[in-house]
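Topology and contacts: notes
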Amino acid sequence: MRDLELNMVFDPSEVLRPSSFQDAVETLDSSDSKIVAGNTSLYSLARKGRLENIKKLVDISKLGISYIKEAESQTSEEKKILVGAGTTFQEITSSSLINGRPEYAGLKEALNKSPPQIRNVATIGGSICSAVSFYDLPIVLFALGTTLKFFSKKEGEHLITIDSFFQNPALYGKSLLIECQFSSSPNSASSFVKLCRRMSGYAVAMTAARIKLDRTSREIDDIRLVIGAMTKTPQRLNQVEEELRHKEPSIETITRMCEKSADLVHDIIPSVHASTAYKKRVLPILLREAITTAVERATER
Amino acid sequence: MLNETRIKVRFILNGESRNIECMAADTLFDTLRDSLGTMSVKQGCDFGGCGVCSVLLDGRPVYSCLMPTWKVEGSKIETLEGLKGKELMNLDAIQQAFATNFAQQCGYCTPAMILNAKALLERNPNPSVDQIKDALSGVLCRCTGYMPIVEAVMQAAMMRRKKTQV
Ligand SMILES: Cc1cc2nc3c(=O)[nH]c(=O)nc-3n(C[C@H](O)[C@H](O)[C@H](O)COP(=O)(O)OP(=O)(O)OC[C@H]3O[C@@H](n4cnc5c(N)ncnc54)[C@H](O)[C@@H]3O)c2cc1C
Ligand code: FES
Ligand code: FES
């Protein structure tokens, strides 16, 4: 029996199953089509009245973009991992390329936050292309410095940094995300810290860190810090990163820099569960935990 | 006016082949309950918040309220109706363990809890308490306080291991 209430706001008439990237983006030309990956967010978008004009659902499961593998040309210093946009959370967490590796510990933590029913179907591409600040996975991918491979009608395959994507996600509305690429180097590690009301729920606030220590001095050689669920889109904390780079990662230095962080983020927005003032209070605490955890993991390597 | 375009879908439901027609927006939940009569599949929220609509898709739990029917083409779907054991009242080991541990009160979450437990035990015959909690984390129970359910899954795991040793 049809769910008439849903059909009043969502009544697509066909499902298209393109078999090439070119065919997929052709279908996105018209404003009445929508890509479907794991579909975990589509009905909720529909109930909010955001898919009223959608007539064609574009199923991308036949495009061969469900995979996780190492890039062919690797240097001994840097190992690059390629993840197809259609790969599910579950497929990523069970991969030997991710498991037990400190550089991806934060990624695994973020993926395991959602319930199994979501992990089994939600895809990395759907999580990024939703372009919201309160999903866990994009925050860690941002901290890992992920490169995104898109396919568009005008440019074909092209690479952009996740930093540019989150500066203006709307620019990629007619493009297909096909792959995410991230690399790890020796002495690096990542972490993810989330404050939420229940085990599998959306974040009130969260932070992710990726830190690389200098092999000899053990100072912070490189650092990327990202916050989520605080500002409209995920945000990098460039100033805090700058202040910590080439410093010894002592708890005093980290604490001092984290305490400054709340004053450096100007556009914190409130949510139903937390005011701006509350988010400002928790930011330094979450950040310190993310940094110290990543440093500990990198030190143990 | 609502569109009437129908999509043909074939899948296996509890071991039986099914050929049905659905609309592009139809959920697997509506198809299972309204068209195919599998009444063990329940509805609480309709947006992925309660988990009582869980079914197994190719052996893994999914929320049927978030799954379009057209997407299960060629897949195997299992609901509680597919669970059959040879013991007491024809109950499966997990069902028996739920009964002996009083792991249900109103019973509304029970089919989903049992299916999630089944998916876990098929992959991991000897799970830790944390692994059980993680496997059940996507289903809410408003009655039991969860501990009897976790204990039932531990017991079911033991019963299943014993059976395979015989
Ligand atoms: C009950 C529930 C619990 C959740 N819990 C969490 C949680 O704890 N943490 C968390 O981070 N998230 C959580 N989520 C959100 C979940 O992670 C997202 O819904 C999911 O990642 C979206 O992926 P999908 O494959 O289902 O995408 P879809 O829902 O299919 O698509 C999402 C959007 O991305 C677009 N899209 C998808 N793939 C592509 C592509 N390759 N190229 C271009 N556009 C594309 C679609 O058109 C759509 O706009 C939860 C969701 C639910 C329903
Ligand atoms: S009905 Fe609540 S998760 Fe599906
Ligand atoms: S037994 Fe009533 S909701 Fe679980």
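Computed from a predicted structure; not experimentally measured.

1. Topic: the overall build of chain B
For chain B, the count of helices and strands is 5 helices and 5 strands. In sequence order, the secondary structure elements of chain B are arranged as β-β-α-β-β-β-α-α-α-α. Here the C-alpha radius of gyration of chain B, 16 Å, is about what a compact globule of 166 residues would show, namely 15 Å. Over its C-alpha atoms, taken along the principal directions, chain B stretches across nearly 55 × 35 × 25 Å. Residue burial in chain B is summarised as follows: out of 166 residues, 54% are buried. Counting contacts in chain B only where the partners sit at least 6 residues apart, residues at least 24 apart contribute 58% of the total.

2. Points about the site of ligand 1
Lining the immediate environment of ligand 1, one finds 33 residues, of which A:Thr40, A:Ser41, A:Thr123, A:Asp136 and B:Gly48 sit closest. In this structure ligand 1 sits where residues from chains A and B come together. Residue A:Lys34 places a side-chain N or O atom 2.7 Å away from an oxygen atom belonging to ligand 1. Look at ligand 1: alone it shows 980 Å² of surface, and the protein chains cover 94% of it. Put simply, the parts of the chain that give the shell around ligand 1 at least two residues each are β2 (33–36), α7 (124–129), α8 (136–143) and β8 (176–184) of chain A. Examining the composition of the shell around ligand 1, we find that 4 residues originate from one element, α7(A), more than from any other. The residue makeup of the shell around ligand 1, split by class, is 16 nonpolar, 13 polar and 4 charged.

3. Let's talk about the domain arrangement of chain A
Residue and element names in this part refer to chain A. Here chain A is partitioned into domain 1 (6–59), domain 2 (68–184) and domain 3 (191–300). Summed over both sides, the interface between domain 2 and domain 3 buries roughly 2000 Å², with carbon and sulfur atoms accounting for 60% of that surface. It is Ser 133, Ile 139 and Ala 143 that lose the most area in domain 2 upon contact with domain 3, and together they represent 27% of the buried surface on that side. At the boundary of domain 2 and domain 3, one finds 4 salt bridges.

4. As for the nonpolar core
Among the nonpolar cores identified, the biggest contains 84 residues, and A:Phe10, A:Leu107, A:Leu148, A:Phe182 and B:Ile77 are the most heavily contacted of them. With 6 residues, the single largest contributor to this core is α8(A). Sequence-distant contacts of A:Phe10, defined by excluding residues within four places in its chain, comprise A:Tyr43, A:Ala46, A:Leu51, A:Ile54, A:Leu57 and B:Ala25. Membership of the second largest hydrophobic core comes to 29 residues, among which are B:Leu56, B:Leu83, B:Phe98 and B:Cys141.

5. Details of the packing of aromatic side chains
Residue and element names in this part refer to chain A. All told, the structure shown has 11 aromatic pairs over all chains when counted by the stated rule. Measuring from centroid to centroid gives 5.6 Å for Phe 21 and Phe 151, while their planes differ by 55°, and the two rings are tilted. Note that Phe 21 is positioned in helix α2 (residues 21–27) and Phe 151 in strand β6 (residues 147–152), a separation of 130 residues in sequence. Between Phe 142 and Phe 166 the ring centres are 5.6 Å apart and the planes differ by 20°, which places this aromatic pair in the stacked class. A residue pair is termed long-range when its members are at least 10 positions apart, and Phe 142 in helix α8 and Phe 166 in helix α9 (residues 162–167) qualify at 24 residues. Accessibility assignment for this pair places Phe 142 and Phe 166 in one class, buried.

6. Points about empty space enclosed by the protein
All names here are of chain B. One pass over the full model with this rule turns up 1 cavity of 30 Å³ or more. In this structure, the largest cavity spans a volume of roughly 30 Å³. Forming the boundary of the largest cavity are Ser 40, Val 41, Val 52, Ser 54, Leu 80, Pro 111, Ala 112 and Leu 115. Looking at which element gives the most residues to the lining of the largest cavity, the answer is helix α3 (residues 110–123), with 3 residues. Split by residue class, the lining of the largest cavity holds 6 nonpolar, 2 polar and no charged. Mapped onto the domain boundaries, the lining of the largest cavity takes at least three residues apiece from domain 1 (6–82) and domain 2 (93–165).

Cut-offs applied
- Residues numbered from 1 in each chain as written.
- Chains lettered and ligands numbered in written order.
- Predicted model: local features only at pLDDT ≥ 70, side-chain atom pairs only at ≥ 80, totals over all residues.
- Heavy atoms only, no water.
- Helix = DSSP H or I, 4+ residues; strand = E, 2+ residues; numbered from the N terminus.
- Rg over C-alpha atoms; globule rule 2.2 N^0.38 Å.
- Buried < 20%, exposed > 50% of the residue type's maximum accessible area, 1.4 Å probe, protein only.
- Contact = heavy atoms within 4.5 Å.
- Near = heavy atom within 4 Å.
- Polar contact = N/O pair within 3.5 Å; in protein donor to acceptor, adjacent residues only side chain to side chain.
- Areas by Shrake-Rupley, 256 points an atom, 1.4 Å probe, with all protein chains shown as cover.
- Nonpolar A, V, L, I, M, F, W, Y, C, P; charged D, E, K, R; others polar.
- Domains from an automatic or database assignment.
- Buried area = accessible area lost by both parts, 1.4 Å probe.
- Salt bridge = Lys/Arg side-chain N within 4 Å of Asp/Glu carboxyl O.
- Core = buried A, V, L, I, M, F, W, Y, C linked by side-chain atoms within 4.5 Å.
- Phe/Tyr/Trp six-rings, centres within 6.5 Å; stacked < 30°, edge-to-face > 60°.
- 1 Å grid on protein atoms, 1.4 Å probe; cavity = no way out; pocket = protein on both sides within 12 Å on 5 of 7 lines; lining within 4 Å.
- Points joined across faces, edges and corners; volume = space filled by probe spheres on them.

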